[in-house]
Amino acid sequence: MALFRLERTAPLPPEEVWRRLTLWSRHGDVVPLTRVVVETPPPTGQGTVFVARTVLGPLRVDDRMEVTVWRPPAGDAPGLCRLEKRGRVVLGWAEIEVTPRPGGRTRVRWTEDIGIRRVPPFFDPALRTAGRFVFGRATDRLLRTP
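Since the structure is predicted, the reported quantities are computational estimates derived from the model, not experimental observations.

A.B. asks: Break down the overall build of the protein for me, with residues and values.
C.D. replies: Assigned secondary structure in the protein consists of three helices and seven strands. The order of α-helices and β-strands along the protein, N terminus first, is β-α-α-β-β-β-β-β-β-α. For 146 residues, the compact-globule formula gives about 15 Å, and the C-alpha radius of gyration of the protein, at 15 Å, lands near that figure. In terms of overall dimensions, the protein has a C-alpha envelope of 45 × 35 × 25 Å along the principal axes. Looking at the protein residue by residue over its 146 residues, the buried ones come to 42%. For the protein, long-range pairs separated by at least 24 residues make up 48% of all intrachain contacts whose partners lie at least 6 apart in sequence. Total accessible area computed for the protein in this model is approximately 8100 Å², and 58% of it derives from carbon and sulfur atoms. Averaged over its 25 positive side-chain charges, the protein has a centre that lies 4 Å from the centre of its 16 negative ones.

Okay, here's the thing in structure tokens:
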């Protein structure tokens, strides 16, 4: 498993940051070669299931996730969303924390522990680097786009 963490600060209120990061279908707009399908009816909350499908030629990888913790930010209280990866290939979990900061800003902490079934731990450093790059870029784009 490859554990990594990203931190960003956005010039937006926590509720808007939360909305931008947890509207799952938007992730398909910012992650290359990926489309996201939400399988459960709205609104998003604990129990929501969605699949991020990445396709490269004949290769198809489904990253099936379930929201297991859903605590949106409220007032000065931070928000926390935990995703458990429930697929046959992609394993692990992710947490998105949204914390109010002074001056109407918000800190985002994205922590992820990701693994690929049948890929030995030797490849964890490469997976960690790739995850940090892909999710960092996706987070930046989601925060910039209303």
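A.B. asks: Got a sec to walk through the pattern of salt bridges? Specific residues and values, please.
C.D. replies: For the structure on display, the rule yields twelve salt bridges. For D63, the salt bridge identified is with K85, shortest N-O distance 2.7 Å. Highlighted residues: D63 in strand β4 (residues 59-71) and K85 in strand β5 (residues 79-86), separated in sequence by 22 residues. On the accessibility criterion, K85 (9% relative accessible area) is buried.

A.B. asks: Tell me what's going on with the packing of aromatic side chains, and back it up with residues and numbers.
C.D. replies: Counted by the stated rule, this structure contains five aromatic pairs. Measuring from centroid to centroid gives 4.6 Å for W24 and F50, while their planes differ by 10 degrees, and the two rings are stacked. Taken together, the positions of W24 in the loop between α1 (14-22) and α2 (27-30) and F50 in strand β3 (residues 49-56) put the pair 26 residues apart, joining distant regions of the chain. In this structure, W24 and F50 share a single accessibility class: buried. Judged by centre distance (5.5 Å) and plane angle (35 degrees), the rings of W110 and F135 are tilted. Taken together, the positions of W110 in strand β7 (residues 105-116) and F135 in helix α3 (residues 124-144) put the pair 25 residues apart, joining distant regions of the chain.

Conventions we followed
Residues numbered from 1 in each chain as written. Predicted model: local features only at pLDDT ≥ 70, side-chain atom pairs only at ≥ 80, totals over all residues. Heavy atoms only, no water. Helix = DSSP H or I, 4+ residues; strand = E, 2+ residues; numbered from the N terminus. Rg over C-alpha atoms; globule rule 2.2 N^0.38 Å. Buried < 20%, exposed > 50% of the residue type's maximum accessible area, 1.4 Å probe, protein only. Contact = heavy atoms within 4.5 Å. Areas by Shrake-Rupley, 256 points an atom, 1.4 Å probe, with all protein chains shown as cover. Lys, Arg positive; Asp, Glu negative; His and termini not counted. Charge placed at Lys NZ, Arg CZ, Asp CG, Glu CD. Salt bridge = Lys/Arg side-chain N within 4 Å of Asp/Glu carboxyl O. Phe/Tyr/Trp six-rings, centres within 6.5 Å; stacked < 30°, edge-to-face > 60°.

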